Amino acid sequence: MTAILALVTATATQAALATAPAQTWGVNGRVSAILPLPTGKVVVGGAFTAVVDGAGASQFTATNVALFDPATGRFDSSWRPSVNGSVNALATDGTRLFLGGAFTKAGGATRDKLAALTLDSGALETGWVGPKLDGPVDVMRLSAGALFVGGNWNTVTSAGTTYAQAKVAKLSAATGAFDTAFRPTANPTPSDVPPSGRVWAVLVLDNGNVVLGGDFGDINGVTSTRRIAIVDPVTGTPLKGFQSRPNNGSSTATILDLATDGTTIYEAVAGSGGACTAVDAATGAVRWSWHSNGNMQSVRVVGSTVYCGGHFGGTASFGNQTRNKIAAVDATSGAILPWAPVINSALGVWSMGSDPTRLYLGGDFTKAGGVAQQHFAMWVDGAAASVPGAPVLSGSAGDGVVHLSWQPPSSDGGSTILRYKLWRKAASATSYPNAALATVSKGTTYDDTTVTNGAAYTYRVLAVNGVGSGPYSNELTATPGTTAPSVPSAPSGLTATVGGTTVSLAWTAPALPGNPVFTRYDIYRGTTSGQRSLLTSVPAGTTTYTEALPASGTTYFYAVRAVNTIGSSPDSNEASTGGSSSGAPTQPTLSATAGAGVVDLSWTAGSGGGAADKWVILRDNVQLTRLTDPAARSYRDTTVVSGTTYTYKVRAVNAAGSSPNANAVTVTMP
């Protein structure tokens, strides 16, 4: 379980959100923390190795933290810190970005569970070194120059001294130094097996007091602080007046997240099922509470609406209403609101964030509101929707026809795309006619049969939503005729330049672009010459790529291919790093056999690269389990259903990073 980033104060009231989210890029693993920035960008943290576009045609390496641009719906491919473990918590002072999680390295340097980056570049803040913790960080809050962190550790080691300070600590935001005056003690419940006392949630109120939430039995032995307490921000002593109450029916259950609008504290509650509960911020008295049939893992208050996320789902799953992983409640009355998008996957929503016009969800899902969204989704206030982005146009010429197709924009502006409009001009003409060639309301293809063989034509396309028309796509020039379609020739002149902790690739576009013209480059990487697997893809027109790689003495070998709708070009020349790479494992090979109520998986490790410390098994692109035995080569899935089809993948992980996913294996249960 990972930490959730709670909202400290409410933002402006949002209009009703649509069921379907805006169209955006996503990531290939769990999103555990979401932090909107003052710049309008959004930082996303979690356990992932790449960012992928909505269509899955392009991706770039991003290890556990990435920067999202809501205006375009894309992640920033140039902002790529390297963090070797999960990022569970995020905070910023406007200049620096603070990370908390289960990592041991950031930016190629040793950083144990805590790190600070320069916000604009993502470079490591080398002068900021936090204390050593013997367990993960789940949450962090910044207030008045102090960084409050919570999680599951027993000791804090700072400036050479080890302190018995468990589960929560206060640090200097300027230096990372441990504040020895703030010493609350989170005690486990005696009946808990194993005992924990974990602090899952931290909240700072407008008056500076600090709210702690988790599965602790009490703070400093005060019996009225079971699962939640308000403590003095200087000493950590529990404050009188606020008392914990049963928050899930008659149970006082574990709190996984907290949010507030100033007068009310909202709790995301686990336990027997779960609950979304509102309590008085001064006394702790319960104002309303809705029971669910699965843990509540995230809570966010936006204006007058409270959003409750978790892994509940199905008929009568939330307050006897049918909700799937997300629900909306009126903050004042506690009435359940009709907004009810369906979020898939067993574990669903793990994190939320918001700014004045958008709501963000992160987790294990691959669909939200019936739309494919990889682990990250964004809803836009209807009043703030904008025009869509630009499509990416490709096509091929045939005998008396030009076949056109396009990739939808990275962002639909928060309003569903209604149609596409195509323009055509003679390739030699300086401008397009006023009238569009065609309007396409269904699909993303069009065949232009009003052409003359031997004549060259140039095309462009734009998307239209309820707000208006977006920008034009790239231009595509095609000459119909009897020439057979072909793949591009190979790119040439590939070089790999090592600089510090990065490898920069550069190449020359193919001499023959092919018919149709190519639309992307595929970049391949391996640890053995001639044996490479797909690393990422970049759009046509881009002839460089940089990835962050901690130095470890392993040589990486690269090649590039140009791709069009016919196929891939031959490989470019091979280029190598000559001895600097991440040392991450290479791609394993997976097989699967379906039996009576079970699927048996087995795999072989990839050749070259670093040895695996653990194995991550995915089912239908959602993490099924994580095996911590490096020698493991098999797993039996007993949670399958007869007549259902499943797709499995596995990847190897070590301290330097993750291998590519193994080949996907699909089985249908008898």
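**Let's talk about the overall build of the protein**
Okay, step 1: Within the protein, the regular secondary structure consists of 0 helices and 57 strands.
Okay, step 2: What you see for the protein is a C-alpha radius of gyration of 26 Å, in line with the 26 Å of a compact globule of 670 residues.
Okay, step 3: Projecting the C-alpha coordinates of the protein onto the three principal axes gives extents of approximately 85 × 55 × 55 Å.
Okay, step 4: Considering only residue pairs separated by 6 or more positions, the protein has 54% of its internal contacts joining residues 24 or more positions apart.
Okay, step 5: When the accessible surface of the protein is split by element, carbon and sulfur atoms take 52% of a total near 24600 Å².
Okay, step 6: A distance of 2 Å separates the average location of the 41 positive side-chain charges in the protein from that of its 37 negative side-chain charges.

**Things to note about the pattern of salt bridges**
Okay, step 1: Applying the stated criterion across every chain, the model contains 16 salt bridges.
Okay, step 2: With a shortest N-O distance of 3.3 Å, Asp355 and Arg358 are connected by a salt bridge.
Okay, step 3: Given the relative accessible area of 11%, Asp355 is considered buried.
Okay, step 4: Residue Arg525 is joined to Glu547 by a salt bridge in which the shortest nitrogen-to-oxygen separation is 2.9 Å. Taken together, the residues Arg525 in strand S45 (residues 520–528) and Glu547 in strand S47 (residues 544–548) connect sequence positions 22 residues apart.

**Some thoughts on the packing of aromatic side chains**
Okay, step 1: Within this structure, the stated rule accounts for 18 aromatic pairs.
Okay, step 2: Between Tyr163 and Phe178, the ring centres sit 5.0 Å apart and the planes meet at 50 degrees, which makes this aromatic pair tilted. Of the two residues, Tyr163 is situated in strand S17 (residues 161–163) and Phe178 in the loop between strand S18 (168–172) and strand S19 (186–188); the sequence distance between them amounts to 15 residues.
Okay, step 3: On the basis of relative accessible area, Tyr163 is assigned to the partly exposed category, the value being 23%.
Okay, step 4: For Phe178, a relative accessible area of 9% gives the class buried.
Okay, step 5: Each ring, one from Trp603 and one from Trp615, has its centre 5.6 Å from the other, and the planes form 50 degrees; the classification is tilted.

**What about the sheet that holds strand S12 (residues 114–118)?**
Okay, step 1: Spatial strand order, S8-S9-S12: 3 strands in an open sheet with antiparallel pairing. Looking at which strands have only one partner, the edges of the open sheet turn out to be strand S8 (87–92) and S12. Between one strand and the next, the sheet's axes are offset by a mean angle of 25 degrees, whatever the strand orientation.
Okay, step 2: As judged from the 5 bridges shared by S8 and strand S9 (residues 96–101), these two strands associate in the antiparallel manner. When the bridges of S9 are listed, Thr92 appears paired with Leu97.

**Observations regarding the sheet that holds strand S50 (residues 589–594)**
Okay, step 1: Spatially, S50-S51-S54 is the arrangement adopted by the 3 strands of the open sheet, whose pairing is antiparallel. Because the sheet does not close on itself, it has two edges, and the strands there are S50 and strand S54 (634–637). Geometrically, the sheet is characterised by an average inter-axis angle of 20 degrees between neighbouring strands, direction not taken into account.
Okay, step 2: Looking at chain direction, strand S51 (residues 599–604) and S54 are connected through 4 bridges and run antiparallel. Its bridge partner being in S54, Leu601 is matched across the sheet by Tyr635.

**Regarding the state of the cysteines**
Okay, step 1: Here the structure, examined in full by the defined rule, presents 1 disulfide.
Okay, step 2: For Cys276, the disulfide goes to Cys308, at an S-S distance of 2.1 Å. A torsion of -65 degrees about the S-S bond marks the disulfide between Cys276 and Cys308 as left-handed. In this pair, Cys276 sits in strand S26 (residues 274–280) while Cys308 sits in strand S29 (residues 305–310), placing the two residues 32 residues apart along the sequence.

**Overview of the environment of Leu171**
Okay, step 1: Structurally, Leu171 can be placed in strand S18.
Okay, step 2: On the basis of relative accessible area, Leu171 is assigned to the buried category, the value being 2%.
Okay, step 3: Sequence spacing of Leu171 and Phe182 is 11 residues, and the spatial spacing of their C-alpha atoms is 9.2 Å.
Okay, step 4: Setting aside residues up to four positions removed in sequence, Leu171 forms contacts with Leu114, Trp128, Pro131, Gly145, Ala146, Leu147, Val149, Gly176, Ala177 and Phe178.

**A closer look at the side chain of Thr225**
Okay, step 1: Looking at where Thr225 falls in the secondary structure, it is placed in the loop between strand S22 (216–219) and strand S23 (228–231).
Okay, step 2: A distance of 2.5 Å separates the side chain of Thr225 from the backbone oxygen of Val222, its partner in a polar contact.
Okay, step 3: For Thr225, the residues in contact, after removing those within four places along its chain, are Phe216, Gly217, Asp218, Ile219, Pro238 and Ser244.

**Focus on the pairing of S26**
Okay, step 1: For S26, a buried count of 7 out of 7 residues is recorded, marking the element as mostly surrounded by other parts of the structure.
Okay, step 2: Burial along S26 is two-sided: Gly274, Cys276, Ala278 and Asp280 and Ala275, Thr277 and Val279, pointing in opposite directions, are all buried.
Okay, step 3: Where strand S25 (residues 264–269) meets S26, 6 bridges bridge the pair, whose relative direction is antiparallel. Considered in S26, the bridge of Glu267 is made with Thr277.
Okay, step 4: Between S25 and the antiparallel strand that follows it, S26, lie 4 residues; Gly271 among them carries a positive phi value of about 115 degrees.
Okay, step 5: The pairing of S26 with strand S27 (residues 286–292) spans 6 bridges and is antiparallel. Within the sheet, the bridge partner assigned to Gly274 lies in S27 and is Ser292.
Okay, step 6: Connecting S26 to the antiparallel partner S27 that follows it, the hairpin turn spans 5 residues, and Gly284 within it adopts a positive phi of roughly 90 degrees.

**Structural notes on the environment of Pro81**
Okay, step 1: Mapped onto the elements, Pro81 comes out in the loop between strand S7 (74–75) and S8.
Okay, step 2: Here Pro81 falls in the buried class, since its relative accessible area comes to 6%.
Okay, step 3: Separated by 27 residues in sequence, Pro81 and Gly108 have C-alpha atoms that sit 9.1 Å apart.
Okay, step 4: When near neighbours in sequence (up to four residues on either side) are disregarded, Pro81 contacts Thr63, Val65, Leu117 and Gly122.

**Let's talk about the confidence of the model for the protein**
Any segment with low pLDDT has predicted coordinates that should not be analysed in fine detail.
Okay, step 1: In this model, the protein carries a mean pLDDT of 88, and residues with pLDDT of at least 70 account for 93%.
Okay, step 2: In this model residues 1–15 is a low-confidence stretch, pLDDT under 50, and it forms 79 contacts with partners more than four residues away in sequence or in other chains.

Conventions adopted
- Residues numbered from 1 in each chain as written.
- Predicted model: local features only at pLDDT ≥ 70, side-chain atom pairs only at ≥ 80, totals over all residues.
- Heavy atoms only, no water.
- Helix = DSSP H or I, 4+ residues; strand = E, 2+ residues; numbered from the N terminus.
- Rg over C-alpha atoms; globule rule 2.2 N^0.38 Å.
- Contact = heavy atoms within 4.5 Å.
- Areas by Shrake-Rupley, 256 points an atom, 1.4 Å probe, with all protein chains shown as cover.
- Lys, Arg positive; Asp, Glu negative; His and termini not counted.
- Charge placed at Lys NZ, Arg CZ, Asp CG, Glu CD.
- Salt bridge = Lys/Arg side-chain N within 4 Å of Asp/Glu carboxyl O.
- Buried < 20%, exposed > 50% of the residue type's maximum accessible area, 1.4 Å probe, protein only.
- Phe/Tyr/Trp six-rings, centres within 6.5 Å; stacked < 30°, edge-to-face > 60°.
- Pairing = 2+ DSSP bridges.
- Axes fitted to C-alpha atoms, helices over the stretch in contact; angles between N-to-C directions.
- Disulfide = S-S within 2.5 Å.
- Polar contact = N/O pair within 3.5 Å; in protein donor to acceptor, adjacent residues only side chain to side chain.
- pLDDT = per-residue confidence, 0-100.

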